[in-house]
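Inside the fold
Read off the chains here:
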Amino acid sequence: MTDPLLQISALTVRYGGTEALSNLDLTINRGELFVLLGESGSGKSTLLRAIAGFVPPAAGRIALDGTDIGPLPPHRRPVNTMFQSYALFPHMTVAANIAFGPRQQGMPRAEARALAEEMLALVRLEGMGGRKPHQLSGGQQQRVALARSLAPRPRLLLLDEPLSALDRGLRTETREELVRVNRRLGTSFILVTHDQEEALTMADRIGIVHQGRMAQVGTPAEVYETPASRFVATFMGSANILPGRPTGDGFAVEGLGVTLWAAPGHLTPDTRWVAIRPERIRVGDDPAAANRVTGTLAERAYAGDSLALAVRLADGTLLRVRQPLGDGIGSADRGRETAPSARVGPSAVGGGAVTGDRVGATALAVGDAVTLSWRADACIPLSA
Amino acid sequence: MIARRGLILAVPWLWLLLFLAGPLAIVGAIALAEPAEGVPPYTLGLSLANLELVLTDPLYRDALGLSLRVAGIATLACLLIGYPMALAIARAPEAWRDPLLLGVMLPFWTGFLMRLNAWIGLLGDQGWINAALAWSGIGPMRLLYTDTAMFIGIVYSYLPFMVLPLYTQLSRLDPVLTEAASDLGASPLRGFLRVTLPLSLPGIGAGCALVFIPAVGEYVIPELLGGPDAALIGRVLWGEFFNNRDWPTAAALAVVLLGVLLAVPGVLMWAGRRLRGGGRVIN
């Protein structure tokens, strides 16, 4: 899948005196669904607008299929945008909205109308062509906007937070819809979002934008499992970041007096932090785990599918731990009610079997002593 | 509760009764009266002779026709000048908009007659405009007391009434719609014609009505700047009322003018509803 479609090199965009994008390089492959992820103000929307032609670059080159499209105005670029607010033309019918792009390309009216019907079928809105946008629900408008931006057969489709205006249930459904359309048409998508779950579930590759630069580009698994920097580690999911210095295959954590063990060969001499994902830490003493620390439970929050715990270590460091509740909390709570005397005490938790983790963690109360353990490969070395 | 609401509604109703329905009824009554010597110069009655005269006599018909034509041309000129102005203000950076709008409205701070008198000075044979024309070799030419001067005066006076509703409409237009048109391959001109212009139609309608309706009955500007042959309905009406002291004919003219002016927006609104209704789908 390394067939480059869009090549951006050394792109700089300035608004007034501030650099919105600085010296940014990015390559998008043909047919891929690329997600640009970043905080608001990171420059991800600016990058999209620069590709569409709405903001002029101060420096750099944007090439589509090897041709520099930088000098072209938006209406001459073979790139279409699906706008965050959909931007449907309120005075036109749905069919006229969809046919607008092809008509501008000189397609005859009858042919454009047939294409509009075809696009409506693609987004499962058959028979809605005669309505006005305001007669549709938000989700339907979103699909019309998608159909309209795809109708001119762009080589590249830019989607600016396409799901942000939808409610949660519809968002999941629409995600699958977008992926389905991307696979079916083979059009490259660049989708901008600030929702990391959206990015992880949809993307072929993710680009994380931070302060006008690409912080990291990679597959969802690469970006999550091997983040390039502390920013990426904490931005993609959450992570406990422990500072220290490497000692061979071990990592001496500053202040804590504990040496952590990472997977062999992972630590480099310039490793300055180790990141540990909360969901990879186990409550209890896992015999297969290379690392274990003890502390007291400082916070405990029920999150439905999991328990969010915070454990304070000896030096005051707070470790975030997430324990999945695969069987629900119900059985554990019942256990607590029926056998209060059998409540798992601090020592019992420390020595508890791994299989008993879930019940043990569920029964924990703030202030209890806790042992935490994790495997060597859960330690993610970071140098930036 | 109902009594209180009635009390509140009584205020506008009283206003309308005193200052709209009352005068209208008086004008209507005079239009149906017989002309007579004396004070007041009519005797009340139920005669349709005045209305018939006004509707059939070529003098009045021509005056009405001329007024509609002049108002129509002036409205079109206001639209052609005012639309780009309104669009430019609506698309200007946020900080510039209020000063620019103020610039459009600023002339209202001085008296209407004073501004027209300034135009007399500017347009006169010895005025600055003719001086500039003479210097550039085009002129001098007769401007004051011609149709040109009259149109300049009307367009100048009514332009803000066109710009303000257009600006209101255009500033409410989401700029992302223009971007979407451009993104879908429409050149700036095509985008304007297919998106901006149709979406500003309500503003165009409001602006045209605000210019056209008062311009039809305009008396002062043609009197001060226009030639003696510009027999607009306003001037004819004035003549009947003050020079001929023929109150019933003047009142009949006023009634007919009102009828025509009510018919114009009525027809426009009906057409607009028909046009919009075409795209509606019953579900």
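These numbers were taken from a predicted model, which means no experiment stands behind them.

Structural notes on the overall build of chain B
Broken down by element type, chain B carries 13 helices and two strands. Each of the three principal axes of chain B carries a C-alpha extent, and together these read 70 × 70 × 35 Å. A buried classification covers 37% of the 283 residues belonging to chain B. Counted over contacts in chain B with a minimum sequence separation of 6, partners at least 24 positions apart contribute 67%.

Structural notes on the sheet that holds strand β10 (residues 213-218) of chain A
Residues and elements named next belong to chain A. If you walk across this open sheet you meet the six strands as β6-β7-β8-β3-β9-β10, and the pairing is mixed. In this open sheet, the two edge strands, each paired with only one partner strand, are β6 (79-82) and β10. Put simply, the sheet's adjacent strands are angled 20° from each other on average, direction ignored. For strand β3 (residues 33-38) and strand β9 (residues 205-210), the ladder comprises five bridges, and the chain directions are parallel. Note that in β9 the partner of G38 across the bridge is V209.

Overview of the interface of chain B and chain A
Each side of the interface is counted separately: chain B has 21 residues, and chain A has 26 residues. Summed over both partners, the interface of chain B with chain A comes to about 2,000 Å²; 59% of that surface belongs to carbon and sulfur atoms. Between chain B and chain A we count one salt bridge in total. Between B:E179 and A:R49 there is a salt bridge, with the nearest N and O atoms lying 2.7 Å from each other. Scanning the region where chain B abuts chain A turns up six residue pairs in polar contact (both at pLDDT 80 or more). Elements that contribute at least two residues to the side of chain B that touches chain A include exactly α8 (175-183) and α9 (188-199) of chain B. Here the element with the most residues in the side of chain B that touches chain A is α8(B); it accounts for seven residues.

Thoughts on the domain arrangement of chain B
All names here are of chain B. Split into domains, chain B comes out as domain 1 (27-56 + 246-283) and domain 2 (67-242). Here domain 1 and domain 2 have C-alpha centroids that lie 27 Å from each other. With 11 residues of domain 1 at the interface, the matching set in domain 2 holds 10 residues. With both sides pooled, the region where domain 1 packs onto domain 2 buries about 970 Å², and carbon together with sulfur makes up 85% of that total. For the domain 1 face of the interface with domain 2, the top three residues by lost area are L253, L257 and L261, together amounting to 46%. Put simply, domain 1 and domain 2 have zero salt bridges between them. Here domain 1 and domain 2 share one residue pair in polar contact (both at pLDDT 80 or more) between them.

Concerning the pairing of strand β11 (residues 240-247) of chain A
Residue and element names in this part refer to chain A. Pairing of β11 with strand β14 (residues 273-276) involves four bridges; the strand directions are antiparallel. Residue L242 lies in a different strand from β14, and its bridge partner there is V274. Relative to strand β12 (residues 250-253), β11 runs antiparallel, the two sharing four bridges. Opposite R245, over in β12, you have A252 as the bridge partner. Where β11 folds back on β12, the antiparallel hairpin that results is connected by two residues, among which G248 adopts a positive phi of roughly 70°.

Structural notes on the packing of helix α3 (residues 58-91) of chain B against α9(B)
All names here are of chain B. Look at α3 against α9: their axes get within 13 Å of each other, and the N-to-C directions meet at 85°. Between α3 and α9, the angle falls in the class roughly perpendicular. Contact with α3, carried on its side by Y83, L87 and R91, involves F192, T196 and L197 of α9 and no other residues of that element. Grouping the amino acids of the contact of α3 with α9 by side-chain chemistry returns four nonpolar, one polar and one charged.

Quick word on the sheet that holds β14(A)
All names here are of chain A. Spatially, the five strands line up as an open sheet ordered β13-β12-β11-β14-β20, and their pairing is antiparallel. Edge positions in the sheet fall to β13 (258-261) and β20 (379-382), since each of these pairs with one other strand and no more. The mean inter-strand angle of the sheet, taken between neighbouring strand axes irrespective of direction, is 45°.

A look at the packing of aromatic side chains
Residues and elements named next belong to chain B. Tallying each qualifying case throughout the model produces 13 aromatic pairs over all chains. Seen from their ring centres, Y42 and W247 are 6.0 Å apart, and the 35° between their planes marks the pair as tilted. With Y42 in strand β2 (residues 42-43) and W247 in helix α13 (residues 247-277), this pair connects stretches of sequence that are 205 residues apart. Judged by its relative accessible area of 18%, Y42 falls in the buried class. Under the relative-accessibility criterion, W247 is labelled partly exposed at 23%. A centroid spacing of 5.5 Å and a plane angle of 85° characterise the contact between F108 and F161, whose relative ring orientation is edge-to-face. Of the two residues, F108 is situated in the loop between α4 (94-105) and α5 (112-123) and F161 in helix α7 (residues 147-172); the sequence distance between them amounts to 53 residues.

Reading the values: rules and limits
Residues numbered from 1 in each chain as written. Chains lettered and ligands numbered in written order. Predicted model: local features only at pLDDT ≥ 70, side-chain atom pairs only at ≥ 80, totals over all residues. Heavy atoms only, no water. Helix = DSSP H or I, 4+ residues; strand = E, 2+ residues; numbered from the N terminus. Buried < 20%, exposed > 50% of the residue type's maximum accessible area, 1.4 Å probe, protein only. Contact = heavy atoms within 4.5 Å. Pairing = 2+ DSSP bridges. Axes fitted to C-alpha atoms, helices over the stretch in contact; angles between N-to-C directions. Buried area = accessible area lost by both parts, 1.4 Å probe. Salt bridge = Lys/Arg side-chain N within 4 Å of Asp/Glu carboxyl O. Polar contact = N/O pair within 3.5 Å; in protein donor to acceptor, adjacent residues only side chain to side chain. Domains from an automatic or database assignment. Parallel < 35°, antiparallel > 145°, perpendicular 65-115°, else oblique. Nonpolar A, V, L, I, M, F, W, Y, C, P; charged D, E, K, R; others polar. Phe/Tyr/Trp six-rings, centres within 6.5 Å; stacked < 30°, edge-to-face > 60°.

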